[in-house]
Amino acid sequence: MKLKIAILAGDGIGPEIMKQGVAVLDAIAKKCNHEFEYEEALVGACAIDACGDAYPDNTHEVCMRADAVLFAAVGDLKYDNDPTLKMRPETGLLAMRKKLGLFANIRPVATFDCLLHKSPLKEELLRGADFVVIRELTGGMYFGEKHQDNDMAFDTNVYTRPEIERILKVAFEMAMQRKKHLTVVDKANVLASSRLWRQIAKEMETQYPEVTTDYMFIDNASMRVLTEPRFFDVIVTENTFGDILTDETSCITGSMGLQPSSSLGEHTPLFEPVHGSWPQAAGQNIANPLAQILSAAMLLEHFGLEREGKLIREAVNASLDANVRTPEIQVDGGAKYGTKEVGQWIVDYIEKA
């Protein structure tokens, strides 16, 4: 198979982990006789520094002519502490999602038995947890009307029926492919936008009679993800709630460096790790590349390359079992491995498989 892949490494640790993700894709291409063509583009702080725009038109053109986007992270400390800035790295991420029509963010939450002890949760609570969070990406407060002056500020949380229906359709259909259990997370006891979400979800239930659908307020869902993670199969929620909830779920598996994601919608699909740019660690060869590598696996699986995706996952699992790990999940007293070494170990595993 031939695939054109836009490479958006972004900021901080992004270029380091992206290098390992591309190396793994190259190993797969060689092993399985595929052809992957890459085109790099700027996004985030590096794009602002280069041309004054966090998501330049040229970057958008690169993404639009690609079959898929492999993205790392955006964010830089120099932009974090000045609330008066109109352009910041995260602006590029929001613009990319909006212009590509990426309305559905899919984040699998899976556990690794050898890392259960690294989770803040008790092993007996977490063992066997396996669920997916689907977050709406292009609506809500992040994109609604905004205002800020010295005395007042507001963000408008707007959702329309078509926006809600299309993300719920993704969620119901994914539930059908899994354990046929969907949890709709909202705040319908307080927010009008949430009441519309719940109304439409109840209307759509009849189209998927095999799916058990339940409804949960965001505060309760945040608690139960920590106390009953095995309860969930597919969770769907709006943009702001999803942003917070997925950061929570990314930590319970033992490391934010283990969770990949995909963003799907109207145009080119995008695949990315859920962690941030961690600028403090840039250039130190300590960032975990596994979420980036697993995002590459999701990319391949999206195009039907299930065997190739499975091989990458097998290599990742083998690296963890062999204690080839970056510092945040390193075994006490074990050998030390950095970003490059972990990536190379996985490449070597694929080549020998």
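Here the structure is shown first, and the text comes after it.
Asks: Teacher, can you tell me more about the packing of helix α1 (residues 14-32) against helix α10 (residues 290-302) here?
Replies: For any two helices packed against each other, the geometry is given by the interaxial angle and the distance between the axes. Where α1 meets α10, the axes come as close as 8 Å, and the angle between the chain directions of the two elements is 40 degrees. Classed by the angle they form, the pair α1 and α10 counts as oblique. Remark: the crossing between α1 and α10 carries right-handed chirality. From α1, Ile17, Met18, Gln20, Gly21, Val24, Leu25 and Ile28 reach across to α10, where they touch Gln292, Ile293, Ala296 and Leu300. Its residues assigned to classes, the contact of α1 with α10 comprises eight nonpolar, three polar and no charged.

Asks: Please explain the packing of aromatic side chains as it appears in this structure.
Replies: Any pair of aromatic rings gets described here by the distance separating the centres and the angle formed by the planes. The tally for this structure, following the rule as stated, stands at five aromatic pairs. The interplanar angle of 5 degrees and the centroid separation of 4.7 Å between the aromatic rings of Phe172 and Tyr208 together place this pair among those described as stacked. Residue Phe172 is located in helix α6 (residues 161-177), and its partner Tyr208 is located in the loop between α7 (192-205) and β9 (212-217); the two are separated by 36 residues in the primary sequence. Judged on exposure class, the residue Phe172 and its partner Tyr208 are both buried. In this arrangement the basic side chain of Lys98 is found over the ring face of Phe143, its NZ or CZ atom lying 4.8 Å from the centre. Between the NZ or CZ atom of Arg224 and the centre of the ring of Phe231, over which it lies, the distance is 4.3 Å.

Asks: When you look at empty space enclosed by the protein in this model, what are you seeing that I'm missing?
Replies: Over the atoms, a rolled probe matching the size of one water molecule traces out where space is still vacant. Applying the stated criterion across every chain yields a total of one cavity of 30 Å³ or more. The computed volume of the largest cavity comes to approximately 40 Å³. Considering the residues around the largest cavity, the lining is formed by Lys4, Ile5, Ala6, Glu37, Tyr38, Glu39, Val62, Arg65 and Ala66. Among the secondary structure elements, those contributing two or more residues to the lining of the largest cavity are β1 (2-10) and β2 (35-40). Tallied by class, residues from the lining of the largest cavity come to five nonpolar, no polar and four charged.

Asks: Is there a simple way to explain the pattern of salt bridges in this structure?
Replies: Any two side chains of opposite charge can pair, on the condition that their charged atoms come close. Taken as a whole and assessed by the stated rule, the structure comprises 20 salt bridges. Of the charged contacts, one joins Glu35 and Lys2 as a salt bridge, the two residues approaching to 3.9 Å between their closest N and O atoms. Of this pair, Glu35 sits in strand β2 while Lys2 sits in strand β1, and the two are 33 residues apart along the sequence. Judged by relative accessible area, which is 44%, Glu35 ranks as partly exposed. Note that Glu123 is salt-bridged to Arg127, the shortest N-O span being 3.1 Å.

So, how was this worked out
- Residues numbered from 1 in each chain as written.
- Predicted model: local features only at pLDDT ≥ 70, side-chain atom pairs only at ≥ 80, totals over all residues.
- Heavy atoms only, no water.
- Axes fitted to C-alpha atoms, helices over the stretch in contact; angles between N-to-C directions.
- Helix = DSSP H or I, 4+ residues; strand = E, 2+ residues; numbered from the N terminus.
- Parallel < 35°, antiparallel > 145°, perpendicular 65-115°, else oblique.
- Left-handed = near helix turned anticlockwise from the far one by under 90°.
- Contact = heavy atoms within 4.5 Å.
- Nonpolar A, V, L, I, M, F, W, Y, C, P; charged D, E, K, R; others polar.
- Phe/Tyr/Trp six-rings, centres within 6.5 Å; stacked < 30°, edge-to-face > 60°.
- Buried < 20%, exposed > 50% of the residue type's maximum accessible area, 1.4 Å probe, protein only.
- Lys NZ or Arg CZ within 6 Å of the ring centre and 35° of its normal.
- 1 Å grid on protein atoms, 1.4 Å probe; cavity = no way out; pocket = protein on both sides within 12 Å on 5 of 7 lines; lining within 4 Å.
- Points joined across faces, edges and corners; volume = space filled by probe spheres on them.
- Salt bridge = Lys/Arg side-chain N within 4 Å of Asp/Glu carboxyl O.

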